Amino acid sequence: MALFDCELQATSGHARALSYETAHGSFQTPMFMPVGTSASVKGVTVGQLNDLNAQVVLANTYHLSLRPGADVVAEAGGVHRFMNYDGPMLTDSGGFQVFSLADTLKLDDEGLTFRSIYDGTKVRWTPESNMEIQEQLGADIAMQLDQCTPYPAEKAFVAKAVDLSANWARRCLAAHQRPDQTLFGIVQGGMELDLRLESIRRLREIEDESLARGGRRFGGFGIGGYSVGEDHEVMFETLGPVARACPEDRPRYLMGVGNPTTLVRAVREGVDMFDCVLPTRTARMGTAFSSTGRMNMRNAKFTRDFGPLDPACTCPTCRNHSRAYIRHLVKQNEMLGGILLSVHNLHYLIDLMRRAREAVLAGAYEEFYEAWMASPAAKDY
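Keep in mind the model is a prediction, meaning the values are calculated, not measured.

Before going further, it helps to examine the side chain of Gln134. With respect to the helices and strands, Gln134 occurs in helix α6 (residues 127-137). Looking at Gln134, its side chain comes within polar contact range of the side chain of Asn130, at 2.8 Å. Contacts of Gln134, omitting those with residues within four sequence positions, involve Thr61, Thr91, Asp92, Ser93, Ala139, Ala142, Met143 and Gln181.

Moving on to the nonpolar core. Among the nonpolar cores identified, the biggest contains 86 residues, and Leu254 and Tyr365 are the most heavily contacted of them. Here this core takes 10 residues from helix α15 (residues 335-361), the largest share from any one element. Of the domains in this structure, domain 1 (5-276) and domain 2 (283-378) are the two that each give at least three residues to this core. The contacts of Leu254, once residues within four sequence positions are left out, are Ile223, Tyr226, Met235, Leu239, Ala266, Val271, Met273, Phe274 and Asp275. By size, the runner-up hydrophobic cluster in this structure holds 16 residues, among which are Val56, Leu90, Phe184 and Tyr253.

Here we come to unusual backbone geometry. Of note, the bond from Thr29 into Pro30 is cis; its omega dihedral lies within 30 degrees of zero at 0°. With respect to the secondary-structure elements, Pro30 resides in the loop between β3 (25-28) and β4 (31-33). Here the residue pair Arg67 and Pro68 is connected by a cis peptide bond, since its omega of 5° sits within 30 degrees of zero. In this structure, Pro68 sits in the loop between α2 (61-66) and α3 (70-75).

Among the secondary structure elements, Phe114 is positioned in strand β8 (residues 112-115). Assessed through its relative accessible area of 2%, Phe114 is described here as buried. Discounting chain neighbours no more than four positions away, the residues touching Phe114 are Tyr62, Val98, Thr104, Thr121, Lys122, Val123 and Trp125.

Tracing the backbone shows Pro251 in the loop between α10 (239-245) and β13 (252-254). By relative accessible area, which is 1% here, Pro251 ends up buried. Pro251 has contacts with Cys6, Arg16, Leu18, Tyr20, Phe184, Gly219, Gly220, Phe221, Asp272 and Met273, leaving out every residue within four places of it along the chain.

The next subject is the sheet that holds strand β10 (residues 141-143). Taken in spatial order, the 8 strands of this open sheet run β4-β14-β13-β12-β11-β10-β6-β5, and their pairing is parallel. On the outer flanks of this sheet lie β4 and β5 (57-60), each paired with one strand and no other. The mean angle between the axes of side-by-side strands here comes to 30°, regardless of whether they run parallel or antiparallel. The pairing of strand β6 (residues 89-92) with β10 spans 2 bridges and is parallel. Note that in β10 the partner of Leu90 across the bridge is Ile141. Set on the sheet, helix α8 (residues 193-212) makes contact with β11 (182-187) and β12 (220-223); between it and β11 the angle comes to about 150°.

This part is about the UniProt feature "binding site: Zn(2+)" (unreviewed entry) in the protein chain. According to UniProt, the "binding site: Zn(2+)" (unreviewed entry) feature falls on Cys313, Cys315, Cys318 and His344. On the basis of their most widely separated C-alpha atoms, the annotated residues across 32 residues gather in one place, lying no more than 8.4 Å apart. With respect to the helices, strands and loops of the structure, Cys315 is situated in the loop between β16 (295-296) and α13 (316-320). In contact with Cys315, other than residues within four places in its own chain, are His344 and His347.

Entries for the protein chain in the domain assignment read domain 1 (5-276) and domain 2 (283-378). Here domain 1 and domain 2 have C-alpha centroids that lie 27 Å from each other. With 33 residues of domain 1 at the contact, the number on the domain 2 side is 27 residues. Of the roughly 2400 Å² buried between domain 1 and domain 2, counting both surfaces, carbon and sulfur atoms make up 72%. When the area that domain 1 buries against domain 2 is broken down by residue, the three leading residues are Leu52, Val264 and Arg268, summing to 26%. Linking domain 1 with domain 2 are 1 salt bridge, by the criterion used here. A salt bridge links Glu366 to Arg268; the nearest nitrogen and oxygen atoms lie 3.0 Å apart. Here domain 1 and domain 2 share 9 residue pairs in polar contact (both at pLDDT 80 or more) between them. Only β1 (6-12), β2 (15-22), β4, α1 (46-51) and α11 (260-268) provide two or more residues apiece to the side of domain 1 that touches domain 2. No other element matches the 7 residues that α11 contributes to the side of domain 1 that touches domain 2.

Conventions and cut-offs
Residues numbered from 1 in each chain as written. Predicted model: local features only at pLDDT ≥ 70, side-chain atom pairs only at ≥ 80, totals over all residues. Heavy atoms only, no water. Helix = DSSP H or I, 4+ residues; strand = E, 2+ residues; numbered from the N terminus. Polar contact = N/O pair within 3.5 Å; in protein donor to acceptor, adjacent residues only side chain to side chain. Contact = heavy atoms within 4.5 Å. Core = buried A, V, L, I, M, F, W, Y, C linked by side-chain atoms within 4.5 Å. Buried < 20%, exposed > 50% of the residue type's maximum accessible area, 1.4 Å probe, protein only. Domains from an automatic or database assignment. Pairing = 2+ DSSP bridges. Axes fitted to C-alpha atoms, helices over the stretch in contact; angles between N-to-C directions. UniProt positions renumbered as here; feature names shortened; annotations may be inferred. Buried area = accessible area lost by both parts, 1.4 Å probe. Salt bridge = Lys/Arg side-chain N within 4 Å of Asp/Glu carboxyl O.

This is the structure we're talking about:
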């Protein structure tokens, strides 16, 4: 396969199995991507990520551009060499972080101005400067700069954000030049199906115009603006038609979603890629995913429970440590507790998507989905 080629290997209903080629190797979908905000997945070493078979790791443009600075990362040889990770990587644009800090944000058609959360410095981004930053960081996949809308939001406001995001997508695609890095467009539109379909139409029109000029196309399509406070049932009212309106020959990436059942349901709707801080954030709070549902490891019932964390799991935490020991670590605020639970939770989601892929390849995703939805693991999510 050539660089950034996407091979559709199987379908089962709307669920898909893809292989995608990058400069740092190929990855297969469906898959879950650990989030390494500051070029570090919290509490997890690069060696552990490799042992967990993490296929793609995310880094955050907002945070890395402010500390240590994109120029420092570039001088180190790019984000891969900076963190000593040699697999595929993705950088988000940082737009979600900027728009979540609305009290410091000034937005106009040309770009946006905000203040650093670290020292209050005023920062100006345009689509062009954001592409320059992501090219300096050097991940295999960059994301366009877009406007993420909150929930709830007036339809007129969402429509304006769709228009702005499309205009910025055009400028990002024109500015992006790094040959060993691809750019994903981002679908916006809130919970309004017509606006989301319009967003996809605009993105496809933009890449058609680019190709006509001898330029590039989007390497994939991010689906942004979900999981921003709405009930997940509200998301699923539109997610399926949105995912399936994206091109069939490229990955569909649902951004910022990490609930196990949401992943299983979204794959059924045609989504390929996921990321979220949920597995490591909940781990630091003492929560474990499991085959019987979420487990609060602070609970006294685990004090003398010397069995594995999840008997159905094969991760290093479950193979080597008891519930009693992990509860002890969590109660003592020992950092090892969060580390062991982070390893387990990441393994849980990565392995869940591995099994989903196997079901797609076997033409049996609906059976996989129904078994999951009937299992105790589905009840908490």
